[in-house]
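# Summary of structural features
As a plain string of letters, each chain reads:
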Amino acid sequence: MKTIRSEPRAALSAATVVLISLWITSPALAVVAPHGGGHTPLGGKTVTVTAIPNPLPSPTGGGKATTGTIGTSPSARARPASTAAVGSRGGAGSSRAARSGASNGLGFQPDHAGQWEFWWAANRDGLLQRSEQSRQRSEVLTDGVGMLSGRGRSASSYADDAENLGHELLPVISAILRAEDDDLICDSGALALARLADETHAPFALPDLVSLLEHSTLSVRTSATLSLGVLPGRQATSTLMGLMADASTGRRAIGEDRVPWQVRSHAALALGLSGDPEAAASLLDLALHAAASDRDLRACAVTALGLIDEAAFDDRVTAGLLSLLEDRDEDAVVRAQIPVALARLGVQSTASRLVALLRHDKTDRFVRQSCAVALGTLTELDDKSRMKLLRDLATEATDDGLRHLAMIAVARVGAKADAADAKRHKDLVRFFVGELRRPSRKTDVGWTALAAGLYGRTQDAGRKDLAKALSKQFDDQKNPSTRAALALALGLLGAEGVAADLLSEFQERGDEEYRGHVALALGLLDHVDAADAFHEELGRASTSVTLRLQLVRSLSLMNAPGTADVLLGLLEASDSAAISWSVSRALGELRDPGSVDALVAIAEDTGRTELPRAFAVLALGLIGERSAVRWNVPVIEESNYLATVETLASLITL
């Protein structure tokens, strides 16, 4: 199997950077695999499931106990002498060319800045999960109904709550991984283990993840590395530090004479996700002193610092990041991560420096965009000077990206403000309504709509006025992309009296991307009358991947019964790889424990090719994820989507 893997997978990997960047507007492109890649037939393998002991003994896997630096594994995996074969989880590619030059490494050019879909893809999950999905998940867990889908098969042999579900699925995924060497299954399984484990059961997952560091395919190594940071408990800090630094401990962990830059970048990000303050000094040193060519690594180190709460109290971190931010000779994409990191740390003392950079038109455009994003977090509604700056930039900036992100920042400030400040809220509503009725730029209407929706979803003041202005624009607007943004904004607002018209739009229009956004708006409006039409569309084999996922998100928001039955019926009736991927992913997003039996059966069926099995493993990780808000939301939400690197961009798809 290794001999037929190398060339096809390397070719696919070289295209991964393009796939990742295009996924943001068209998720269907990820249908190649859970994280990209091809497929080959599997031979027969025996899978033995061992239950997790509770309480757990000291974890040993199948080999040595893991203490101190994690350099041993339960079963060392054979690998070829060369590790040139590159998988696709993380967008490794076959060349480092994408990491140099004036672009940001993913080809995001100014003409793409007007596409709100890029921003929405990075922020959608946080917006949806923190509102309706979190509430409904809590409700269904208390009354025993299936998670989100309202179906709840009592025949399922798995628990109906997330905590026990993860506990029961961990040994299933572990057994599959220990019997497999296929890169697609191992790639999906690594993150599934990390998603499922809580602090009590993290030691059970740890040996399997350590073992995967030695896998022959780079995509599996990066998945395993990232998963060590997602895994709770901070037990892998020393290994991640060694991987990040390309130190001897890291080289021993992967069994090579150097640590690839892709693994190093994921290790830096994993340290941030772990939240371990012991990593802060090393991350800062890497951000400040790594080679200029290591853009991905340095950008991930800065991002990681923004995820470690204790770093906010370390003056060295703030001073070091500010010195790097203000050095115009440094890489602009690396510097652009700094304002966002400082905002996530809540370092208010840096706001005046960010304002100065934002006001200066000689500041690099990526840095200015990120300063606007950061001020959306660090600014209060009663700060007249900063609010005027953001509002002026939102309507007058010549850089599209800056204008759009400033508009979103204005909404963020208003959304978190005390509702008692009635005068300022009234002024802000007037601003949004004015820009909707008489837009400074007609091409910005979609962005203004989303900003109005973001603001109005948390503030009652002026919600009816905002909904009226959005509805009028929706009626007048011809551009399908702008209409989609307006529909989503109406959904975020919970606008009354628009659902029937939106359902007609869904039923009568042919553009599937547009229909998907309209469907999601109907889910936000909790319009359960749309469920039958959505189920009918969902059950069609011809439905696109993009539309299928949007329909499932919408039905989840409605808590509509029967959704999983439709998906499982389609999965059982089709042998299409595309349908297998999209349905499995949809079942994962549905998070219904009643789907687990069927998915486990697929994952354990060694008579199948690895694609459907890998997809099933991916779905099981999604269903049993230990928190309502997915692990990647803190990294991708409220970031500068225009200034990114491969490792960070790839997280949107996970």
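The preceding data block contains the structure.
An account of the accompanying structure is given in this report.

The rules behind these values
- Residues numbered from 1 in each chain as written.
- Predicted model: local features only at pLDDT ≥ 70, side-chain atom pairs only at ≥ 80, totals over all residues.
- Heavy atoms only, no water.
- Helix = DSSP H or I, 4+ residues; strand = E, 2+ residues; numbered from the N terminus.
- Buried < 20%, exposed > 50% of the residue type's maximum accessible area, 1.4 Å probe, protein only.
- Contact = heavy atoms within 4.5 Å.
- Areas by Shrake-Rupley, 256 points an atom, 1.4 Å probe, with all protein chains shown as cover.
- Core = buried A, V, L, I, M, F, W, Y, C linked by side-chain atoms within 4.5 Å.
- Axes fitted to C-alpha atoms, helices over the stretch in contact; angles between N-to-C directions.
- Parallel < 35°, antiparallel > 145°, perpendicular 65-115°, else oblique.
- Left-handed = near helix turned anticlockwise from the far one by under 90°.
- Nonpolar A, V, L, I, M, F, W, Y, C, P; charged D, E, K, R; others polar.
- Polar contact = N/O pair within 3.5 Å; in protein donor to acceptor, adjacent residues only side chain to side chain.

## Considerations on the overall build of the protein
Broken down by element type, the protein carries 32 helices and 0 strands. A burial count over the protein gives 62% of its 654 residues as buried. Expressed as a percentage of contacts within the protein between residues at least 6 apart in sequence, the contacts between residues at least 24 apart total 76%. Summing over all exposed atoms, the protein offers an accessible surface of approximately 23,000 Å²; the carbon and sulfur share of this is 50%.

## Digging into the nonpolar core
Formed by 208 residues in total, the largest nonpolar core has its most connected members in Trp-119, Leu-283 and Phe-432. In terms of residue count, the dominant contributor to this core is helix α30 (residues 610–623) (10 residues). With residues near it in sequence (within four places) discarded, Trp-119 still touches Leu-127, Leu-405, Ile-408, Arg-412, Trp-447, Leu-450, Leu-454 and Tyr-641.

## Re the packing of helix α23 (residues 499–508) against helix α24 (residues 512–524)
Interaxial distance between α23 and α24 falls to 9 Å at its minimum, and their mutual angle equals 155 degrees. The pairing of α23 with α24 is recorded here as roughly antiparallel in orientation. Two packed elements cross with a definite hand, and for α23 against α24 that hand is left-handed. Only Tyr-514, Arg-515, Val-518, Ala-519, Ala-521 and Leu-522 of α24 make contact with α23, whose side of the interface consists of Ala-499, Leu-502, Leu-503, Glu-505 and Phe-506. In terms of residue class, the contact of α23 with α24 is built from 9 nonpolar, no polar and 2 charged.

## Here we look at the side chain of Ser-580
By the element assignment, Ser-580 lies in helix α28 (residues 577–590). The class for Ser-580 is buried, based on a relative accessible area of 9%. Non-local contacts of Ser-580, meaning those with residues more than four positions away in its chain, are made with Leu-571, Pro-612 and Phe-615.

## Considerations on the environment of Ser-627
Looking at the element boundaries, Ser-627 is found in the loop between α30 and α31 (633–636). Since its relative accessible area comes to 30%, Ser-627 is described here as partly exposed. Residues Ser-627 and Arg-195 lie 432 residues apart in sequence; the distance between their C-alpha atoms is 8.4 Å. In terms of polar contacts, Ser-627 uses its side chain to reach the backbone carbonyl oxygen of Val-629, at 2.7 Å.

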